[in-house]
Amino acid sequence: MSTKGATTGAGSRSTLPLKLSQLQNFCKRDPDGYKEDYDAQSRRLVSLVGILLLSPNADPSPSLVELIQFMAAVSSSSYKGEDSDRVADLLMDLLVGSSNGANNSNGGFSSSPSNNLTPILNSTLPVAALQLHRDIRKACVSALILMRNKGAVPPLRLLQLFFQLMAVVPDKNLRESLYHHIVNDIRNINKNGKRDEKLNRTIQSFFHRIVSASANESTPGGEDSPTDYAAKRAVQMTCDLYRRNVWNDERSVHILATAASSPNASVLSRALRFFLNIEEAMSLDKKASEDQKWERNSTVNLHLHSKKTKARKREVEKQVKNRQKKQNERESHILAYREDRGVETSKKLFPAIELLNDPQGLAETLLKRVKSSGSNTYKFEVKMLMLNMVTRVVGNHELMLLPLYPLLQRYMGGHQRDVTAILAYSVQSCHSYVPPEEIYGILKTIAHNFITERCSGEQMAVGINAVRAICARVPSVLSGEDEEECTGEGDDKVAASATWDVEAFVRDLAGYAKHNDRSVSIAGRGWVNFIREVYPSLLQGKDRGLVGAGLHRAGEKPLKYGEVRAAAGVEGADLLAAYEASKKAVKKNANESEEDGSEGDESGEWVEVTNGDESEIEIDDDDEEEDEASDEDAPDLVLLGDKETINGDEGNYSKEMAKDLSKLSPKERAKLQQEVSSTRIFTTAEFAKMQKLVERQQQARRDPRMAAKLKRAIAKGEEFADLSDDDSDIDSDDDDIHISGAVNPTDIMADAKRKRMSKAEKLQKVLEGREKWEAKGRAGGSTNVEKKRKKNFAMSKFSFATRQKMGEKGTAKQGRKKKMIEGGRDSKKRRRKV
């Protein structure tokens, strides 16, 4: 059907037929004038759709696709409202195979613009919808997306329809276009900080209903249903939106937690991979965006193939200057000190495992599924994902899941597939609240299957590293029951000692430090160094070393299971009090020495005083009296103990505190620490100073030489003389991002090679090279190598080094060979007489 006329000039209409593109332009310019033409095209579309529904298998006419695009574009721009709703309902009915669009203006949907979604997704479509030609289906979907982008259709009306099409229609290209539209539509809704929380909650509730329906309907090892496919798409959309920081809240995590408990393998694996890899993926995205930004800033257009002008020269200089500025900022950002590092940095990446609402229930569900599933229910990769998730949740939330550890022992065979990952999962599942009896079985299994002479060097190294990592997370396994604390009978003591001899186990592993295999010896030395730090008394005297001997004399040992050291105050408060008292005593002694020197100088001279200076002398006397009174006052921080221990001479306590702090009993120091912590408010600088003092004290416990040096300094009253008030040297060497609770299998693998440098270490080496060759940071003039590099080529062309490098000329070489062949001898050389 064509239009009756069109404007050919000012105020005139033509009877010539118009194309749809021309009519679209005219309707956009004059909507009221061409309303009749638009209505005619609308009636034409309704009739063509009715004909198409009678025979959906037939090839559609090419004009129908063009007419659908025309109606969607014009109705969404020029006739938004009832006309656009009528067109949208007609296209939706065509996609679902309904004929209500030609008779009902609402197209099967409610007439009110309600945003409520049905709780159940229809997993079937009529035959007419499934047999619809792919070109018509694609045209209808693109037309609805166009109307949604122009705001003519609310988002929730299309969401359920598109999910139904993705679940039922077997068209891969259509599914991908629908998926990208839904994700981009939700991103645009929450773009530029304008978040529609009500709409987000409605869409998230719809996704959760789809995932819950899939979890209730599917069976382990069964075929995928349309609901399962819709659930997979919902999980994938939620993961994508979480990674793009659009939906990074508890509701999104709850959707994925429901998917993680689904019996369907594909839905389950998608959710588990999200929980296990989201921090690393977001970190890589951040680094990639920073690298792209740096590439844009580092590109300089040098105009190599353009005419050289002054304006272009200034532009190049400006770009080079800007690039240098950006490079300095980038280097300073990498090398600068950041307060939150390591695990704290990973927490800024919205860790999803930390937001789980019921981690205990999820871990128990996954563990039950792993134990009850047969060999054909899930693939081995899916089982490994479930074990990884269970151990990660148990380690992060410190859960008590005792049936997990016997299950892990079943997979710790020497020839087990991915056994290194199993060992890493075992390390992940350990924390301080796990009873040592559960850990003993894992350690024995690792020792019997990996740390034996029948195993290869790599297996032994992996086993030793795994044992060290487990003991580092559960140090209570090393602190066996003391003999005086055992309350059982003698037989119980003998049985307990027979089941687990910690000292023999530790010394047995320490013997591998001298193994012939390099990887095993490295793992053994790592084990020895760990025991030196934690419980050096278990090692032999020859293996303790300097640090272990110092900690052994200090009585260092791990806490027992259930034992907690309650803090008596802020750690280091007593050291800070002693430090301030020592500084005050040093300052007081310096003032007294200055006063004594000034009095000695004045006693040797006569001073004539007139009557007019009496008032000044009196004022000076008053000031001196005030200074003497202030000098006699006691310092602010005093020893808060028994009153009998504090003598009347409190003015000399500042000196005694610096000398006698090490002689106080632990109870007295704890009481002093508690009193100081409760009677003052510490500043940031004081917290940094306390951290510095505590680290210094711990280092003295570890190093006997430093302890002896500190003891001599205390005897001289110079305990804190080597400390300054500048805390700028407090820094950390850990620049890498460590995901909380995660253990990488490469961390416990055999290490026989030098580790690769990190990005910060490489950059630091580059900067040191720049300072060496460009800045000339060393003392003295240029070296011979630098002089030789800068020497003129004409002067060094025929030098001895150049001639030696180039070799002899051809003529000289031939003459020397000819002389050797002829047997010529040098007459000047002395020969032995025959």
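Everything numeric in this text was worked out from a predicted model, so none of it was measured. Sequence order sets the numbering: in each chain, residues are counted from 1 along the sequence as written. Per-residue local features of the predicted model are confined to residues with pLDDT of at least 70, and side-chain atom pairs are confined, for both listing and counting, to 80 or more; whole-chain, interface and lining totals are unaffected and use all residues. Here the side-chain values reflect all heavy atoms present in the structure, with hydrogen atoms and water set aside.

Draft legend 1. Geometry of the packing of helix α7 (residues 155–168) against helix α8 (residues 172–189). Two elements in contact, α7 and α8, have axes whose closest approach is 10 Å; the angle formed by their N-to-C orientations is 155°. With respect to α8, the element α7 is oriented roughly antiparallel. Handedness of the crossing formed by α7 with α8: left-handed. The residues of α8 that touch α7, namely those facing Pro 155, Leu 158, Leu 159, Phe 162, Phe 163, Leu 165, Met 166 and Ala 167, are Arg 175, Leu 178, Tyr 179, His 181, Ile 182, Asp 185 and Ile 189. For the contact of α7 with α8, the per-class residue count stands at 12 nonpolar, one polar and two charged. Angles shown run from 0 to 180 degrees and are taken between the N-to-C directions of axes, each axis being a line fitted to C-alpha atoms and, for helices, limited to the stretch in contact. Helix numbering and strand numbering both begin at the N terminus, where a helix is a DSSP run of H or I of at least 4 residues and a strand a DSSP run of E of at least 2. In what follows, roughly perpendicular refers to angles from 65 to 115 degrees, roughly parallel to angles under 35, roughly antiparallel to angles over 145, and oblique to any angle outside these ranges. With the far helix as reference, a near helix turned anticlockwise by less than a right angle produces a left-handed crossing, and one turned clockwise produces a right-handed crossing. By definition in these notes, contact holds between two residues if any of their heavy atoms fall within 4.5 Å. Residues are grouped as follows: Ala, Val, Leu, Ile, Met, Phe, Trp, Tyr, Cys and Pro are nonpolar; Asp, Glu, Lys and Arg are charged; every other residue, Gly included, is polar.

Draft legend 2. Summary view of a nonpolar patch on the surface. Residues qualify for a patch when their relative accessible area is over 30% and they have no salt bridge, like charges being joined within 9 Å and the nonpolar side chains of Val, Leu, Ile, Met, Phe, Trp and Tyr within 5 Å. Areas reported here follow the Shrake-Rupley algorithm with a probe of radius 1.4 Å; residue values treat only the protein chains shown as occluding. Salt bridges are defined as contacts in which a side-chain nitrogen from Lys or Arg sits within 4 Å of a carboxyl oxygen from Asp or Glu. On the surface, a cluster of nonpolar side chains totalling about 390 Å² of accessible area is made up of Met 400, Leu 402, Tyr 433 and Tyr 561. Among the structural elements, Leu 402 can be located in the loop between α16 (380–397) and α17 (404–410).

Draft legend 3. Structural view of the pattern of salt bridges. Across all of its chains, the model carries 17 salt bridges by this definition. In this structure, Asp 185 engages Arg 148 in a salt bridge whose closest nitrogen and oxygen atoms are separated by 3.0 Å. In this pair, Asp 185 is assigned in helix α8 and Arg 148 in helix α6 (residues 134–149), connecting sequence segments 37 residues apart. Assigned by exposure class, Asp 185 and Arg 148 land together as buried. Glu 279 serves as the salt-bridge partner of Arg 392, at 3.7 Å between the closest nitrogen and oxygen. Three labels apply to residues, based on accessible area from a 1.4 Å probe with only protein chains included: buried if under 20% of the type maximum, exposed if over 50%, partly exposed otherwise in between.

Draft legend 4. Seen up close, helix α23 (residues 518–534). End to end, α23 covers 25 Å across 17 residues, agreeing with the expected 24 Å (1.5 Å per residue, within 8%). Within the span of α23, buried status applies to Ser 519, Val 520, Ser 521, Ala 523, Gly 524, Trp 527, Val 528, Phe 530, Ile 531 and Val 534. For α23, the secondary structure elements touched by its buried residues are α20 (457–473), α22 (502–510) and α24 (541–553). In a helix, the anticipated span is given by 1.5 Å times the number of residues less one.

Draft legend 5. The packing of aromatic side chains, seen in detail. Two rings belonging to Phe, Tyr or Trp (six-membered ring only in the last case) form a pair when the distance between their centres is within 6.5 Å. Interplanar angles under 30 degrees mark stacking, angles over 60 mark edge-to-face geometry, and anything in between is tilted. A complete count under the given rule lists 11 aromatic pairs for this structure. Ring centres of Phe 505 and Trp 527 lie 6.3 Å apart, and the angle between their planes is 80°; this geometry places the pair in the edge-to-face category. Of this pair, Phe 505 sits in helix α22 while Trp 527 sits in helix α23, placing them 22 residues apart in sequence. With relative accessibility at 12%, the residue Phe 505 sits in the buried group. Note on Trp 527: relative accessible area 0%, which makes it buried. Ring geometry for Phe 682 against Phe 687: centres 5.7 Å apart, planes inclined by 65°, an arrangement best described as edge-to-face. On the accessibility criterion, Phe 687 (41% relative accessible area) is partly exposed. Among the aromatic side chains, those forming a connected cluster through ring pairs are Phe 163, Phe 206, Phe 207 and Trp 247. Either the NZ atom of lysine or the CZ atom of arginine qualifies as a charge over a ring when it sits within 6 Å of the ring centre and within 35 degrees of the ring normal. Over the ring of Tyr 229 we find Arg 175; its NZ or CZ atom is 4.2 Å from the centre of that ring.

Draft legend 6. Up close: the environment of Val 267. Structurally, Val 267 is set in helix α12 (residues 265–298). Residue classification places Val 267 among the buried residues on the basis of a relative accessible area of 0%. Spatially, the C-alpha atom of Val 267 lies 8.3 Å from that of Tyr 229, the residues being 38 residues apart in sequence. Other than its neighbours up to four places away in sequence, Val 267 contacts Ser 214, Asp 228, Ala 231, Lys 232, Val 235, Ala 259 and Ser 262.

Draft legend 7. Representation of the environment of Val 316. Considering the arrangement of structural elements, one finds Val 316 in helix α13 (residues 310–335). Along the primary structure Val 316 and Leu 302 are separated by 14 residues, whereas in three dimensions their C-alpha atoms are 6.0 Å apart. Beyond its immediate sequence surroundings of up to four residues, Val 316 is in contact with Val 300, Asn 301, Leu 302 and His 303.

Draft legend 8. Representation of the nonpolar core within the structure. Among buried residues, the Ala, Val, Leu, Ile, Met, Phe, Trp, Tyr and Cys ones that are joined through side-chain atoms within 4.5 Å form a nonpolar core. Counting 160 residues, the largest nonpolar core has Phe 163, Phe 207, Phe 275, Ile 446, Leu 478 and Trp 527 as the members making the most contacts within it. Contact partners of Phe 207, with chain neighbours within four places excluded, come to Leu 159, Phe 163, Ala 234, Met 237, Thr 238, Trp 247 and Ile 255. By size, the runner-up hydrophobic cluster in this structure holds 13 residues, among which are Ala 573, Leu 576, Leu 693 and Val 694.

Draft legend 9. Fine view of helix α28 (residues 666–678). Helix length check: α28 (13 residues) gives 18 Å between terminal C-alpha atoms against 18 Å at 1.5 Å per residue, within 8%. Among all positions in α28, only Arg 669, Leu 672, Gln 673, Val 676 and Ser 677 are buried. Along the axis of α28, the buried residues cluster in a sector spanning 125°; they form a single face. Facing away from the buried side of α28, by more than 90 degrees, are the exposed residues Lys 667 and Ser 678. Throughout, the arc means that of the directions going from the helix axis to the C-beta atoms.

Draft legend 10. Layout of the packing of α6 against α8. In the contact formed by α6 and α8, the axes pass within 11 Å of each other and the chain directions differ by 5°. Classed by the angle they form, the pair α6 and α8 counts as roughly parallel. Facing α6, whose interface residues are Arg 134, Arg 137, Val 141, Ile 145, Arg 148 and Asn 149, α8 presents Asn 173, Leu 174, Leu 178, His 181, Asp 185 and Ile 189. For the contact of α6 with α8, the residue count by class is five nonpolar, three polar and four charged.

Draft legend 11. Representation of the side chain of Arg 544 within the structure. Within the fold, Arg 544 resides in helix α24. Excluding residues that lie within four positions of it along the chain, Arg 544 makes contacts with Arg 532, Pro 536, Ser 537, Leu 539, Ala 549 and His 552.

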